[in-house]
Amino acid sequence: MARRFRKIAVMTGGGDCPGLNAVIRAVTKTAINKYGMEVWGVEDGYLGLIEDRIHRLHFSDASNILTVGGTILGSSNTSNPFAFPISTNGRTRLTDVSGLCMSNLAKRGIEALIAIGGDGTMASAGEFAKKGLTIMGVPKTIDNDIYGTDITFGFNTAVNTATDAIDKVHTTASSHHRVMIVEVMGRYAGWIALHAGAAGGADIILMPEMPYDIEVVAECVLARSKKGKRFSIVVIAEGAKPKGGSMVVYKRVKNSPDPIRLGGVSSILADQLERVTRLSCRAVNLGHVQRGGSPTPFDRILGTNFGFHALELLAKGATNRLVVWKDGKLGDIPIARTAGKTKTVKRNDSLILAAKGVGTSFGI
Ligand code: F6P
């Protein structure tokens, strides 16, 4: 017979995204409403687990949060419990403090943890499972790059935000007969660039998966100009790079599971294109705006489904599972299956083929 859980905790780790509160709400309300469980909220991801900042979540705490962006629990993307920086006598050592995390849960009688996060959060979740913690993962990220799930919540909202920005940039590009280059997030995957670019009617989409040729990009805008199209829209992923070149790193963040922060490729491309084409070029980097705002109905629904499914799995006695959306339905896979992998865009993705069909260039 499946074990009956009485106390569970929920946490959000890694970079935030719209829809986190929808999951917290689904987990908390289902746990209390359907299963009569007590729910606790861990503050600021694994950092709160390490620092023992864990508080009760009542039904009312999960009310009026469905439409709110961010996370009511806070998040952190620099706290790995298995390699946490501890300073003694002026020396900092990366220390395994996972035992402390386990005891902070145990002393409250918390028997299971729902970890909502990305690849970094899931890597640690898998390690906690090995130590015997009952843990369930829920995949989040605007980047949509988590291996094993066709979609993550947050992505749809980010695409909406980016598309809205591209629409706005269109009018000013047209008025000033310019090449406007819109940089979107996505880390090493081009999902946001591809989807927002296609939705916003970009003339050129540049993604990490397809290193671009500056000559091809220049020819494309010049050809448009010769045809009387006096402006062009380029959507570029922050991780895009020229053939034989490398990604633009603007910062390294110590103690982050992935310390590299990308950004700035749009300005570099704007300068190069202006030089080669002699057309007026401007860059706009959408940055963290893509992580904010109220989640779209799609992300609210996906978040609700994910949170509910995590609870159903727990009630069935499962552990160490990542909730996923695969082939049009909810499912789950072992957390470890996602570890160290990134879901990137395939060159034969149906949207790439459709975009090419309508004349979009990928700069290759
Ligand atoms: O993973 C989400 C994401 O927004 C990426 O698209 C981006 O590269 C990164 O996080 C930015 O991280 P930070 O919030 O640490 O600047």
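Conventions we followed
Residues numbered from 1 in each chain as written. Predicted model: local features only at pLDDT ≥ 70, side-chain atom pairs only at ≥ 80, totals over all residues. Heavy atoms only, no water. Helix = DSSP H or I, 4+ residues; strand = E, 2+ residues; numbered from the N terminus. Buried < 20%, exposed > 50% of the residue type's maximum accessible area, 1.4 Å probe, protein only. Pairing = 2+ DSSP bridges. Axes fitted to C-alpha atoms, helices over the stretch in contact; angles between N-to-C directions. Salt bridge = Lys/Arg side-chain N within 4 Å of Asp/Glu carboxyl O. Phe/Tyr/Trp six-rings, centres within 6.5 Å; stacked < 30°, edge-to-face > 60°. Expected span 1.5 Å × (residues − 1). Arc of directions from axis to C-beta. Contact = heavy atoms within 4.5 Å. Near = heavy atom within 4 Å. Polar contact = N/O pair within 3.5 Å; in protein donor to acceptor, adjacent residues only side chain to side chain. Areas by Shrake-Rupley, 256 points an atom, 1.4 Å probe, with all protein chains shown as cover. Nonpolar A, V, L, I, M, F, W, Y, C, P; charged D, E, K, R; others polar. Domains from an automatic or database assignment. Buried area = accessible area lost by both parts, 1.4 Å probe. Left-handed = near helix turned anticlockwise from the far one by under 90°.

### Re unusual backbone geometry
- In this model, H177 sits at a positive phi of 55 degrees, which is unusual for a non-glycine residue.
- Residue position: H177 is located in the loop between helix 5 (155–176) and strand 8 (179–184).
- What makes H177 partly exposed here is its relative accessible area of 33%.
- Unusually for a residue other than glycine, N320 sits at a positive phi of about 60 degrees.
- Positionally, N320 belongs in the loop between helix 9 (297–315) and strand 14 (321–326).

### Some points on the sheet that holds strand 8
- Spatial ordering of the open sheet is given by 9-10-8-13, a layout of four strands whose pairing is parallel. The open sheet has two free edges, formed respectively by strand 9 (204–206) and strand 13 (281–285), since each of these has just one partner strand. Each strand of the sheet is rotated relative to its neighbour by a mean of 20 degrees, with strand direction disregarded.
- Pairing of strand 8 with strand 13, which is carried by five bridges, proceeds in the parallel orientation. Across the sheet, M180 pairs through a bridge with R282, a residue of strand 13.

### Things to note about the pattern of salt bridges
- With the rule as written, the count across this model stands at 20 salt bridges.
- A salt bridge links D332 to R321; the nearest nitrogen and oxygen atoms lie 2.8 Å apart. Of this pair, D332 sits in strand 15 (residues 329–334) while R321 sits in strand 14, and the two are 11 residues apart along the sequence.
- You can call D332 partly exposed: its relative accessible area is 23%.

### Looking at the packing of aromatic side chains
- All told, the structure shown has three aromatic pairs when counted by the stated rule.
- Ring geometry for Y46 versus F128: centroids 5.8 Å apart, planes at 40 degrees, classification tilted. With Y46 in helix 2 (residues 46–50) and F128 in helix 4 (residues 119–130), this residue pair connects regions lying 82 residues apart in the sequence. The two residues Y46 and F128 agree in class, both being buried.

### Some thoughts on helix 8 (residues 265–277)
- A rise of 1.5 Å per residue sets the reference length of helix 8, with its 13 residues, at 18 Å; its end C-alpha atoms lie 18 Å apart and thus fit the reference within 8%.
- Among all positions of helix 8, only V265, S266, L269, A270, L273 and T277 are buried. Taken around the axis of helix 8, the buried residues stretch over an arc of 130 degrees, which confines them to a single face.
- Looking at the packing, one finds that the buried side of helix 8 touches strand 8, strand 9, helix 7 (214–226), strand 10 (232–237) and strand 13.
- One or two positions beyond helix 8, positive phi appears at R278, with a value near 65 degrees.

### Describing the site of the ligand
- The environment of the ligand is formed by N77, T141, I142, D143, M185, G186, R187, E238, R261, H288 and R291.
- One of the side-chain N or O atoms of D143 is found 2.6 Å from an oxygen atom in the ligand.
- Here an oxygen atom of the ligand and a side-chain polar atom of H288 are 3.0 Å apart.
- For the ligand, whose free accessible area comes to 400 Å², the fraction covered by protein is 84%.
- Considered class by class, the residues forming the shell around the ligand number two nonpolar, four polar and five charged.

### A look at the domain arrangement of the protein chain
- Taken domain by domain, the protein chain comprises domain 1 (7–153 + 295–338) and domain 2 (156–291).
- Summarising the inter-unit geometry, the C-alpha centres of domain 1 and domain 2 are found 33 Å apart.
- Taken together, the contact pairs 19 residues of domain 1 with 18 residues of domain 2.
- Across the domain 1 to domain 2 interface the summed buried area is about 1500 Å²; carbon plus sulfur atoms make up 52%.
- Joining domain 1 to domain 2, the criterion identifies four salt bridges.
- Note that R187 is salt-bridged to D119, the shortest N-O span being 3.0 Å.
- At the boundary of domain 1 and domain 2, one finds 10 residue pairs in polar contact (both at pLDDT 80 or more).
- Mapped by element, the contributors of at least two residues to the side of domain 1 that touches domain 2 are helix 4 and helix 9.
- Class assignment for the residues of the side of domain 1 that touches domain 2 results in seven nonpolar, seven polar and five charged.

### Some thoughts on the packing of helix 7 against helix 8
- Running from N to C, helix 7 and helix 8 point in directions that differ by 60 degrees, and their axes come no closer than 10 Å. In the crossing of helix 7 with helix 8, the sense of the turn from one axis to the other is right-handed. Listed contacts from helix 8 to I214, V217, A218, V221 and L222 of helix 7 are L269, Q272, L273, V276 and T277.
- Looking at the contact of helix 7 with helix 8 residue by residue, the classes come out as eight nonpolar, two polar and no charged.

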